[in-house]
Amino acid sequence: MKRIIMGSSLLAALTLSACSETNTPTQFRNVQVSFATQSAGSAPLAMTTATLDDTLTSGTDTLLIESAEIVLREIELKRIDVTNCDLEPGDDGCEEFETGPVLVSLPLSPGAEVEFDLDVPPGTYSEIEFDVHKVEDEPSDLIFLQAHPEFDKLSIRVTGTFNGSSFLFESDLGVEQELALVPALTVEEGSGSVNVTVFVDVDAWFRDPSGGLVDPDTGNKGGLNESLIKDNIKDSMEAFEDDDKDGRES
């Protein structure tokens, strides 16, 4: 009888231990995703006294960007040991911030602005991934399209002036962006947030290979510089840890 009692006690202890391990919550940590187009303290080619405008000059050309908006969806952080978020989503190593589509108004003043945040489990993350998304007349886009009808069949809109004349640049660019985090983002247990900034070099969007400015209107559908500007946009993004949100790599 004594042996049976001891066995039962041992079994109960093992069961309690197993339950404790199973039910111990993971110490998630908050990760923010911010966007920036200018680093705090850096000197762009020119900034107007109005803090939300970005003015660029090249030779006799002057480009003033007043707003830049981009539609994104499926914003995810990828663990270092995951090959493809499309094949291993969610609990298998890709933490999803937003399914989307969502509209991001890119800040044109220095510094980064937070757009999304998520509590993620500890780990090492090597990439942030998202789609630059062309809005379609499909079920997953209908709510967004009702709120933003001006984005029908579009993913990007930019307004401003070129040599004093107003322009509206619109693009149907659709591309998956996989931005490496170098060094990789290490999320450890503990309090506080970490921030990843997606830096978008809007100043490079409307430039020719020599660095000269091009009229944004020539980048609209069928325009002379449509392909050039689309390629510039695809190549204009990078991501890095930026805990003080100054638009610079930490």
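Residues numbered from 1 in each chain as written. Predicted model: local features only at pLDDT ≥ 70, side-chain atom pairs only at ≥ 80, totals over all residues. Heavy atoms only, no water.

1. Looking at the environment of P107
Line of reasoning, step 1. By the secondary structure assignment, P107 is in the loop between β5 (102-105) and β6 (113-120).
Line of reasoning, step 2. Relative accessible area serves as the criterion here: at 5%, P107 is assigned to the buried category.
Line of reasoning, step 3. Counting along the chain gives 72 residues from P107 to F35, while the straight-line C-alpha distance between them is 7.2 Å.
Line of reasoning, step 4. Not counting the four nearest positions on each side in its chain, P107 is found in contact with F35, A36, T37 and E113. (Helix = DSSP H or I, 4+ residues; strand = E, 2+ residues; numbered from the N terminus. Buried < 20%, exposed > 50% of the residue type's maximum accessible area, 1.4 Å probe, protein only. Contact = heavy atoms within 4.5 Å.)

2. Side note on the packing of aromatic side chains
For any pair of aromatic rings, the description consists of the separation of the ring centres together with the inter-plane angle of the planes.
Line of reasoning, step 1. With the rule as written, the count across this model stands at 5 aromatic pairs.
Line of reasoning, step 2. Taking 6.3 Å as the distance between ring centres and 80° as the angle between the ring planes, the aromatic pair formed by F35 and F116 counts as edge-to-face. Placement of F35 in strand β1 (residues 29-36) and of F116 in strand β6 is noted, with a sequence separation of 81 residues between them.
Line of reasoning, step 3. Feature note: the residues F167, F169, W205 and F206 constitute an aromatic cluster, connected by ring pairs.
Line of reasoning, step 4. It is R157 that lies over the ring of F151; its NZ or CZ is 5.9 Å from the centre. (Phe/Tyr/Trp six-rings, centres within 6.5 Å; stacked < 30°, edge-to-face > 60°. Lys NZ or Arg CZ within 6 Å of the ring centre and 35° of its normal.)

3. Regarding the confidence of the model for the protein
Line of reasoning, step 1. Per-chain confidence: the protein averages 86 in pLDDT, with 82% of residues scoring 70 or above.
Line of reasoning, step 2. A low-confidence stretch, residues 43-51 (pLDDT under 50), is modelled with 19 contacts involving residues beyond four sequence positions or located in other chains. (pLDDT = per-residue confidence, 0-100.)

4. Focus on helix α3 (residues 226-234)
Line of reasoning, step 1. Those residues of α3 that sit buried are E226, I229, K230, N232 and I233. Buried residues of α3, viewed axially, fall in a sector of 160°; they line one side.
Line of reasoning, step 2. Of the surrounding secondary structure, the elements contacted by the buried residues of α3 are β8 (156-162), β9 (165-171) and β12 (237-241). (Arc of directions from axis to C-beta.)

5. Topic: unusual backbone geometry
Line of reasoning, step 1. Here the residue pair G100 and P101 is connected by a cis peptide bond, since its omega of 0° sits within 30 degrees of zero.
Line of reasoning, step 2. Mapping P101 onto the fold places it in the loop between β4 (94-98) and β5.
Line of reasoning, step 3. For the bond from V182 to P183, the omega torsion is 0°, close enough to zero to count as cis.
Line of reasoning, step 4. Following the sequence through the fold, P183 ends up in strand β10 (residues 175-187).

6. A word on the pairing of strand β3 (residues 61-79)
Line of reasoning, step 1. In this sheet, β3 lies alongside strand β2 (residues 54-58) in antiparallel orientation, the contact comprising 5 bridges. Note that in β3 the partner of S58 across the bridge is D61.
Line of reasoning, step 2. When β3 meets β8, the two strands line up antiparallel, connected through 7 bridges. The partner of A68 across the bridge, within β8, is V158.
Line of reasoning, step 3. With 4 bridges connecting them, β3 and β5 associate as antiparallel partners. (Pairing = 2+ DSSP bridges.)

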